[in-house]
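Examining the three-dimensional arrangement
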Amino acid sequence: MATDPVQGVQERRYDIPVERDIPAVLARLAALAPAADAPYLTVHLDWRPDGPSPGRRFGAIYVEQNAEQFLAGFAAHSPARESLDRDIERLRDYLDDEVDPAVQGIAVVARSAGGVFEVVPLGVPLANRLVTGPTPALRLLAAADEDQPTFALLAVDQRDAHLSIVTQQQTAVGIEVSGSGYPRHQQQGGWSQRRYQARADERIDAFVKGVAEETRRTITADRVKMVVLAGEEQNTRAMTEAFHQTVRDQVVGTVRVDPHADVSDLLEKALPVVERAERQREMTAVEAVREGAGPGGKATTGAVETLTALQTGQVMALIMNDDFSAPGWADFDLTLYGVGPVPAEHPAGGDAAALVPVALEEELVRLAIQLGAEIEIVKTAVPVAVDDLADIPEADAAMPRSAAATALDDLGGVGATLRFTLEGERSTADL
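Residues numbered from 1 in each chain as written. Predicted model: local features only at pLDDT ≥ 70, side-chain atom pairs only at ≥ 80, totals over all residues. Heavy atoms only, no water.

The subject of this paragraph is the layout of surface pockets. With a probe scaled to a water molecule rolled over the atoms, the places where space remains empty come into view. In this structure, the largest pocket occupies an estimated 1,300 Å³ of space. For the largest pocket, the lining is made up of 36 residues, of which Pro23, Asp145, Glu146, Lys225 and Arg281 are closest to its centre. Only helix H1 (22-30), helix H4 (139-147), helix H8 (263-292), strand S14 (315-321) and strand S18 (374-378) provide two or more residues apiece to the lining of the largest pocket. Take the lining of the largest pocket: its biggest share by element is 5 residues, from H8. For the lining of the largest pocket, the per-class residue count stands at 17 nonpolar, 8 polar and 11 charged. Its boundaries defined by the atoms lining it, the second largest pocket holds a volume of some 700 Å³. (1 Å grid on protein atoms, 1.4 Å probe; cavity = no way out; pocket = protein on both sides within 12 Å on 5 of 7 lines; lining within 4 Å. Points joined across faces, edges and corners; volume = space filled by probe spheres on them. Helix = DSSP H or I, 4+ residues; strand = E, 2+ residues; numbered from the N terminus. Nonpolar A, V, L, I, M, F, W, Y, C, P; charged D, E, K, R; others polar.)

Below you can see the structure in the form of structure tokens.
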């Protein structure tokens, strides 16, 4: 066709106030040297406005109400207390002066004794907590990253398209693709009308292919793994057929809405589609663990086998329920880890004084990040529809669990798929 149907492409990248490369932050934090004497402070905050007082944030209230009691748990003038005092003071200064109003959640890792103060602003809230440990607590940040995948939202009709790259529910990139008016309609019948329709169909087909290529280029550059389409069925179907197979494989659903609706309205429709895809991805990961479990299999189940596989570099993907918790211990000098309380004698014949207690769920995630393994934190709570709010159990009653979480419970609450197994019928080594 002589006339290019794509008249113009306008791209705009927004300076959103959230961390867009959380995996890089996690890798940097996981590489920090362990420290038992003056531990790391890890803070997670829900930075949404308090409804009755929009100027106040839930996280700020939490810090005000809990910081002093938290610090009181450490002996005065000890290295730990002195480091944490400085950390809390710096945290308060940051919260008072430096948080962008659009931020909805905050993660902070601090250790003034080591010159560490890393802030991770997010577009989604975190559960409020203050914790310390010999290493940063990275599980909640890793969960927020994989539970809120960056996705592409493409709204399209036969003449215009709008592609948004959405990170943590905020639009990071917006691309407008506009088509030409070719061919112009002539008020003639017979052969001229048929020729006009043929040219119009050619233009639409070429425009769709142009949008498909622009989408492929953009999501490749921005490392996007999910695509949601918006528009009338005939247009989204044509768009899907025009995609390269690599893009088609990433389409997780469509929404039937006016493609010219406000971006915020389109986003509201698209988010449930992405959430369903994420829940399905969790179930697929759990099924891979279940199917690969057993002697000589390509998966491990339970804390002991999974920790062993992480220490031997076998883990390809760590899969963990979001409420999994267990005690553990570590000798960071020997890079040796175990499940359960700190043993009275060193298991490897080393110095028993070097053994320190750790939160096993946090160490599993940290080791997985260091290994470059994928991490899938399975959401245990079942979403409740507005119509079902009256049926929510009392506070002390067991909440319903997702199907993926229930299946992983049967496997010990945590597992992993493996890059390789050992010879014979053994999947992991004895450490």
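Read on for the rest.
A word on the pattern of salt bridges. As enumerated under the stated definition, the model contains 24 salt bridges in all. A salt bridge links Arg20 to Asp222; the shortest N-O distance between them is 3.5 Å. Remark: Asp222 occurs in the loop between helix H5 (191-221) and strand S11 (226-230) and Arg20 occurs in the loop between strand S1 (6-13) and H1; sequence separation between them is 202 residues. A relative accessible area of 38% means that Arg20 is categorised as partly exposed. Of the charged contacts, one joins Glu376 and Arg281 as a salt bridge, the two residues approaching to 3.6 Å between their closest N and O atoms. With a gap of 95 residues between them, Glu376 in strand S18 and Arg281 in helix H8 connect regions that are remote in the sequence. The class for Arg281 is partly exposed, based on a relative accessible area of 32%. Within the structure, one salt-bridge network assembled from shared partners comprises Glu11, Arg13, Arg20, Glu214, Arg217 and Asp222. (Salt bridge = Lys/Arg side-chain N within 4 Å of Asp/Glu carboxyl O. Buried < 20%, exposed > 50% of the residue type's maximum accessible area, 1.4 Å probe, protein only.)

You can see Gln250 is positioned in the loop between helix H7 (245-248) and strand S12 (251-255). Residue classification places Gln250 among the buried positions, given a relative accessible area of 18%. Those residues in contact with Gln250 that sit more than four places away from it in its chain are Ile219, Val224, Lys225, Met226 and Val227. (Contact = heavy atoms within 4.5 Å.)

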